[in-house]
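# Commentary on secondary and tertiary structure
One-letter residues, chain by chain:
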Amino acid sequence: MSEMVEPIVDVGMPRHVAAPLLEIRDLRVEFPEIGGGPAIDGMDLTVGRGEIVALVGESGSGKSLTALTMMGLLPPGAEVSGGTALLDGEDVLAMAPKRLNEVRGNKVAMLFQQPKVMLDPTARVGGQVSEALRRHRKVGRREARARVVEMLRDVGIPEPARRASSFAYQLSGGMAQRVMIAAALSADPELVIADEPTTALDVTVQAQILDLLKTKRDTLGLSILLITHDLGIVSSMADRVAVMYAGRIVENGTTQEIFTNPQHPYTEALLKASLLEAERGQLYSIPGSVAQARAMQHGCRFLPRCPKAAELGITAQCSGAEPTLHICGDHDHHSRCHAAPEHAEAR
Amino acid sequence: MLMFLLRRSLVLSVTLLVISVLAFLIPYAGEGDPARKILQARVNDPGLEPAQVEALTRELGLDRPIFVQYFDWLKQAVTGDFGFSYTSRTPVGELVTPALSVSITLALAALLLALVFALPLGIAAATRRGGRLDNAITFISQSAVSAPEYWVGPVLVLVFARYLGWLPSGGWTGPAFIVLPAVALSLRPLGYFTQVTRAAMSEVLAAPYITAARSRGLSFPVTLLRHGLRNSMLPVMTLFSFWFAGLLGGAVVIEVIFNVPGMGRLLYTAVVNNDVPVIQGGLMLILTLAVLINTVTDLLYSVLNPAIKVTNA
Amino acid sequence: MPSLTAPPPTTREPWRRVGPPSHRPNIFESLVRGIGGRHWTFALGVAMLALFLLVLVLTPWIAPHDPAIQDLGNRLAGPSAEHWLGTDHMGRDVLSRLMWGGRFSVTIAGITLAICAVSGVILGALAARRGGWVDELVMRAVDVLVCFPDVVVALFLIALFGTGYGTLIAALTIAGWTPFARLMRGLALEINAKDYVEAAEVLGSPKWFILFRHVIPNALPPVAAMSFLRFGHKLITVGALSYLGLGVQPPDSDWGAMLLDAQPYMERAPWVGILPGAAIFLAALSVTLIGQGLDKKKKSRRRRSVASGAPGAPTPVHGSALDEGEAL
C-alpha cells in the first residue's frame, strides 16, 4: 500500500496550481453498529482550485456519504475510522466541532439532491439565504437583506425582493435549487460539494442549474465536487472524473480520458449503460449489486460482476489479490484493475 | 379554506344546538315540578304559592308546547340570560363571568408552568434520543402523566401549607394562592407536553433542512433554536390550546380541593345543589368555549404552517 | 458474464440494513416474547400490572379483614402487625379497603375502556371503509367530542340523570371512544392502501376474510397500545369523579372515594390520604409504561420498513400514532 501512496499525491493536480484545495487520502467510514465492512474503504480523491471534479458511481457506492463526511455532518451511526481530508491544508476529519462550524458555509458549502425539503418549511427563503453570510461575515440584518436580494438576482431568480419573503412550498424545484445555490455561495466558499444537485429536477431545469454552477465556477474561481450518477452531466461539466465503487475509487482521470479510454470494466459498464440509454432509450443494467461487493474479503470487489476477468482468463488473479489504483495511460489516469496496463507515462 | 370554515361553523352550530337542547331539558329531569324549577330561575323567589305558580306559568308561557318554550329559553340564553341562581339569588351571568376569569388565570398559570419545564425536557430528550437522559426524562413524563391531581394536590397542601406553612392551602385572594393549585394542575400537562415536544423535536432534528442549516455553519444549538423550535412548536401549541380549553371548566377537582372560585367549582357546586340555571349557563359556556377554542386552533394551525400545504399536496 | 447470477442492481443505501419484511407479532407474542426487545420500563409495567391484577383477583381470599367492619376504638391507627397499612377514620383496615376499592376502580375503568375501544374501533373502521357521509359524520363528531373534558360531560349527565354507575360509565364513554376512532380510521386507511390488501381484494377474497386476515391483525398492536394508555387515563378520571362524590356511591367505595373520605384527616393520618392516590398513580403508571413500550416498538419497526422501502426519500419519523396528549 505504501508504495501506492506516492504517485497519488500529485494525481489530478492541475498543472497551474501548487496544492489541491481538497485532498482526501485513505478515507475510511464505517457503521460500527450495523457492521458489514466500511462504507467508504480507503478512498483517495483530490479537487484542485477552480476545478470541477465529478464523483460518479451507482447508488450505494458511498458518494453521498463522502460528501457528508467532508462537511463533518456524518449521519447517525457513522464513524470515520481512518484517513485524512485536507481542506486548504487543514484536516477536516480532525477539526474540533467549533472549527467545523467556522469552516462550513464559509470555506466549503453543500448543495443537496432535493432542494425543496432542504429549506425550512416554516421560515422565509431570504433568512436562510443570508444565514451563512451573517454567520461568517458579521453582516447586520439590514445589509444582509439587501445582499440577499442581490444574491437571489444573481442566481437568476425573477423578482428577487418578493421571492426573498417566500416560503419553500411556493417555489418550484428549480427555484429552490437556485435559492440553495445562493445560500451556499453567500459567504464566498472556496469549495462547493454538490450532491446530485439536479437529479430531482426536470431535464430543462437541470441544464439551467448546471450552467449556473459552471458560470459561478468561472466567475468566482470556485472548486466543485460534483456527485452524480449521470454521465451526461459529467461530460458537460467536469474537468476530471473519479469513479467510485463499493467505497473506493476504481478509476480516475481527466474527463476526456475516462470517456474515450476507460481502463476499468466498471467504468466501461457505466459508459455503456449511459450510451445505450441515451441512444436507444434502452436500459442496460450491470448485473449484480454493490452490496455483494462489500462482503468480499479479498480480491477485486468488482469481480462478481466483472465480464472482463472471465474473458481474459484472469479470474484467479482477480480473486487472489485486490488490484491497486495504478497509473495507466495518461499520467493523470489511474485504474484499479488487473487488466489495465500498468505502465506510467506510456504516452 | 372557505370550505373548512363553512364546515366547521356547521359543526359548531349543530353542536351548540344539541348541547342547548340537553341543557334546556335539565329542569325536566330529576324530581320536582319542572315549571316550578323554571319559574324559580326566572322570578328569583323560592317561596311561591301554588296560585302564584299557576298565574306566573300562564304569564311566562310555560304552558305552551315544549319546543316553543325551548326557543324562548334559547333566545334569552344567547343574550347570556339564564335567570337567577337558586342558591345565591344573583343572575347567572354575574356568577359565571368572574369564575371564568379565575379559571383562565389558573389554566394559563398551570399550562405555562408545564410548558416552561416541558420544553427543555422534551428538547433535551430529543437531542439525546435513546440515551440515559432521554430514558430518565421519558420515565419522568410517564410518571407525571399518571399522577392524579387530586392526589398531588392534597400532598402539596400537606407539605407546603400544613407542615412548612409557606403557602396558603386554599382560597383565591392573592398571587400566592395560585401557586399550589397551578403546580398540582400542571403535572399531567407537563408530562404530555414533554412527550409531544420530544416526538416533534426528534422528527424535526432528522429533517433534511436541519442538515442544510448545519452545512451553512450554524452550530447545533443555533440550528435548534432557529429551525428546530419553530418547526416542532406547532404540535405543542395545539396541545397547549387543547388543554387550555379543557381546563377552563375541567379543572373541577383542583378548584374544589383548593377552594378556587373558578368555573369548575361553580359548576360542581351547582350540580351538587341542583342549581339548574347555573348548570345550564355554565355548561353552555364551557362546552361552547371548548369547541370554539379548538376550532380556532385548527384554523391557526393551517394558517401558521405553510408546510401543511406541501405535505397535503 | 460471470458465472455468478446476481440479483438486479438495487438502489439501497449501504448503511441501511435491509431485512425480510418483518412478521407482525400478535399481541400475545408481543407481550410474552417482546419484553426482551423493549425497554426495561415495559417489563416493569407488565410486572406491576400483573401484581395489581393478581392481588385484586385474589382479594376475597387474601384480604386480611372485612373492609366494612368498623372499629371506632381504633381509628386512624398507624401501620401495625394487625393492620399493615393502618386504619381509616372509622377504624376500618386500609389495606383491605384498598384491595376491595381497587376492584371497583379497575372494573369500572376496564368496562368503560372496553366500550370505548370496541365502539371507537368499529366507528373508525366504518368511517375509513365507507368514506363519504359516514366518514364525515364520524370524524366531525370526533372533532367536537374530543374537546369535551370528561368531568364536564359527567357533570352534565349527572344534572340530567343523577349519579350512578350508568351515568359514570356513560360519562367516560361519550368522549372516550374518539381517540380509538381516530386511530382506527388512520390505520384502516393505511392498511387498505397496502398492496397485499389490494391483491386480496382483486383475488376475490371475501370482505370478512380481509378484515380478519389483514385489517384486524395489523391494527391490533396500536389499538392495544392505545388501550393501555387510555386505561391509565380512565382510572384517573374514575377516581376524580369518586373523589368529587359523583362516581362510586356509598356503601361501595373505590380509591377515589377513599381519598375523599381521608381528606379531613390528611394531617393526622397522612397514610390514609396518600395510599389510595398512590395506588391510582402506580396502576396508571404501569399501564402507561406498557402502552408506551408497545407503541415504541411499533414505531421503530415502521421506521425501518419505511427506510428500506424508499431510499433517498426523506425518512418520516412518525410522531406517536397515539394522541398521547388528548387526555383531560
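What counts and what doesn't
- Residues numbered from 1 in each chain as written.
- Chains lettered and ligands numbered in written order.
- Predicted model: local features only at pLDDT ≥ 70, side-chain atom pairs only at ≥ 80, totals over all residues.
- Heavy atoms only, no water.
- Pairing = 2+ DSSP bridges.
- Helix = DSSP H or I, 4+ residues; strand = E, 2+ residues; numbered from the N terminus.
- UniProt positions renumbered as here; feature names shortened; annotations may be inferred.
- Patch = residues over 30% accessible without salt bridge, like charges linked within 9 Å, V, L, I, M, F, W, Y side chains within 5 Å.
- Areas by Shrake-Rupley, 256 points an atom, 1.4 Å probe, with all protein chains shown as cover.
- Salt bridge = Lys/Arg side-chain N within 4 Å of Asp/Glu carboxyl O.
- Lys, Arg positive; Asp, Glu negative; His and termini not counted.
- Charge placed at Lys NZ, Arg CZ, Asp CG, Glu CD.
- Buried < 20%, exposed > 50% of the residue type's maximum accessible area, 1.4 Å probe, protein only.
- Phe/Tyr/Trp six-rings, centres within 6.5 Å; stacked < 30°, edge-to-face > 60°.
- Contact = heavy atoms within 4.5 Å.
- Core = buried A, V, L, I, M, F, W, Y, C linked by side-chain atoms within 4.5 Å.
- Domains from an automatic or database assignment.

## Quick look at the pairing of strand 1 (residues 22-30) of chain A
Residue and element names in this part refer to chain A.
- Here strand 1 pairs with strand 2 (residues 40-47) via six bridges, running antiparallel. The residue of strand 2 that forms the bridge with Ile 24 is Leu 45.
- Relative to strand 4 (residues 79-87), strand 1 is paired through seven bridges, and the arrangement is antiparallel. In the sheet register, Glu 23 faces strand 4, and the bridge partner there is Leu 86.

## Here's the deal with the UniProt feature "domain: ABC transmembrane type-1" (unreviewed entry) in chain C
- UniProt tags residues 102-291 of chain C as "domain: ABC transmembrane type-1" (unreviewed entry).
- Along residues 102-291 of chain C one finds 82% helix and 0% strand; the C-alpha atoms at either end are 20 Å apart.

## Some words on a positive patch on the surface
Residue and element names in this part refer to chain A.
- Together, Arg 134, Arg 141, Arg 142 and Arg 145 make up a positively charged patch on the protein surface.
- Per-element tally for the positive patch: the top contributor is helix 6 (residues 141-154), with three residues.
- Take Arg 145: it is sitting in helix 6.
- You can call Arg 145 exposed: its relative accessible area is 57%.

## With respect to the packing of aromatic side chains
Residues and elements named next belong to chain A.
- Per the stated rule, a full pass over the model turns up 17 aromatic pairs over all chains.
- Between Tyr 245 and Phe 302, the aromatic rings sit 5.1 Å apart at their centres with planes inclined by 90 degrees, giving edge-to-face as the arrangement. Taken together, the residues Tyr 245 in strand 9 (residues 240-245) and Phe 302 in the loop between helix 13 (290-294) and helix 14 (308-312) connect sequence positions 57 residues apart. Residues Tyr 245 and Phe 302 agree in their burial class; the two are buried.

## Quick look at the UniProt feature "transmembrane region" (unreviewed entry) in chain B
Residue and element names in this part refer to chain B.
- Look at the UniProt record and you will see "transmembrane region" (unreviewed entry) annotated at residues 99-126, 147-166, 172-191, 236-258 and 278-301.
- The span residues 99-126 is 100% helical and 0% strand by assignment, and the distance between its end C-alpha atoms comes to 39 Å.
- Note that residues 236-258 is 91% helix and 0% strand, and that its end C-alpha atoms are spaced 28 Å apart.

## What about the side chain of Arg 216 of chain B?
- Among the secondary structure elements, Arg 216 of chain B is positioned in the loop between helix 9 (208-215) and helix 10 (220-250).
- Look at Arg 216 of chain B and you get buried, because its relative accessible area is 4%.
- Ignoring sequence-local partners within four residues, the contact set of Arg 216 of chain B consists of Arg 104, Gly 105, Met 118, Gln 128, Glu 131, Ala 132, Arg 135, His 136, Met 180 and Ala 183 of chain A.

## A few points about the UniProt feature "domain: ABC transmembrane type-1" (unreviewed entry) in chain B
- Under the UniProt annotation, the feature "domain: ABC transmembrane type-1" (unreviewed entry) is placed at residues 100-297 of chain B.
- Annotated as residues 100-297 of chain B, this span is 83% helix and 0% strand, and its ends, taken at the C-alpha atoms, are 20 Å apart.

## With respect to the nonpolar core
- Membership of the largest hydrophobic core comes to 158 residues, with the highest contact counts inside it found for Trp 73, Tyr 150 and Phe 193 of chain B together with Phe 148 and Trp 255 of chain C.
- With 15 residues, helix 9 (residues 207-243) of chain C is the single largest residue contributor to this core.
- Two domains each provide a minimum of three residues to this core, namely domain 1 (2-78) and domain 2 (93-308) of chain B.
- Apart from the residues lying within four places of it in its own chain, the contact partners of Trp 255 of chain C are Phe 52, Leu 98, Gly 101, Gly 102, Ser 105, Val 106, Pro 276, Ala 279, Ile 280 and Ala 283 of chain C.
- Formed by 100 residues, the second largest nonpolar core is a distinct cluster that contains Leu 119, Ile 224, Val 250 and Leu 303 of chain A.

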